[in-house]
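Below are the chains, spelled out letter by letter.
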Amino acid sequence: MDGLDSYDAVVLGSAVYMKRWQGDAKHFLRHHADELSQRPFWVFSSGPVGEPSKTPARSWLEPPRIVERAQQLGVRDHGAFGGRVPAQPHGPIERAMAKNTPAQYSDLRDWDEIRSWSTQIASELAAPAAT
């Protein structure tokens, strides 16, 4: 995709590992910054996993530099959701996560929360434009 001309709005998200978005998502945000600033867009982060009582600080869910850059571009909202350990881990980090995360904590996605966030976006897009 060369540009975002055919899109009225954009929702961009990434898994978060160690306070960082994945490279492709960071690249997309950087490469399409001008276009994103001209249309409604939302971003979300997915992570972490593990025992909820050991959930890390909010910065592990919301990478500060990504959130700051998205805000500079006029992002409508940033959603932060629990994550999931990959079913088929690749690389040392994912394999360590799979090995060290008890099964009951390997998928912390809250589908009601995710649906609520996406419904809010749909409502904003369906609302008549302010004049």
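Read on for an overview of the structure.

About the criteria used
- Residues numbered from 1 in each chain as written.
- Predicted model: local features only at pLDDT ≥ 70, side-chain atom pairs only at ≥ 80, totals over all residues.
- Heavy atoms only, no water.
- Pairing = 2+ DSSP bridges.
- Helix = DSSP H or I, 4+ residues; strand = E, 2+ residues; numbered from the N terminus.
- Phe/Tyr/Trp six-rings, centres within 6.5 Å; stacked < 30°, edge-to-face > 60°.
- Buried < 20%, exposed > 50% of the residue type's maximum accessible area, 1.4 Å probe, protein only.
- Salt bridge = Lys/Arg side-chain N within 4 Å of Asp/Glu carboxyl O.

## A look at the pairing of strand 3 (residues 41–46)
(1) Moving on: Strand direction decides the pairing type here: strand 1 (residues 10–17) and strand 3, joined by six bridges, are parallel. Looking at strand 3, one finds that V11 is bridged to W42.
(2) Moving on: Here strand 3 pairs with strand 4 (residues 78–81) via four bridges, running parallel. Bridging across to strand 4, F44 finds its partner in G79.

## Focus on the packing of aromatic side chains
(1) Moving on: On inspection of all chains with the given rule, the structure shows three aromatic pairs.
(2) Moving on: With a centroid separation of 5.5 Å and 75° between ring planes, the pair formed by F81 and W117 is classed as edge-to-face. Here F81 is found in strand 4, whereas its partner W117 is found in helix 5 (residues 111–126), with 36 residues between them in sequence.
(3) Moving on: Taking the relative accessible area as the measure of exposure, W117 reaches 11% and is therefore buried.

## Describing the sheet that holds strand 3
(1) Moving on: A sheet is described by the order of its strands in space; here four strands give the open sequence 2-1-3-4, paired in mixed fashion. Edge positions in the open sheet fall to strand 2 (20–21) and strand 4, since each of these has one partner strand only.

## Structural notes on the pattern of salt bridges
(1) Moving on: The final tally for this structure, using the stated rule, is three salt bridges.
(2) Moving on: Between E124 and R76 there is a salt bridge whose closest N-O contact spans 3.3 Å. Placement of E124 in helix 5 and of R76 in the loop between helix 3 (64–73) and strand 4 is noted, with a sequence separation of 48 residues between them.
(3) Moving on: The class for E124 is partly exposed, based on a relative accessible area of 30%.
(4) Moving on: Taking the relative accessible area as the measure of exposure, R76 reaches 45% and is therefore partly exposed.
(5) Moving on: Salt-bridge contacts for R115 lead to D112; the nearest nitrogen and oxygen are separated by 3.5 Å. Placement of the pair is R115 and D112 together in helix 5, with a separation of three residues, close to one helical turn.

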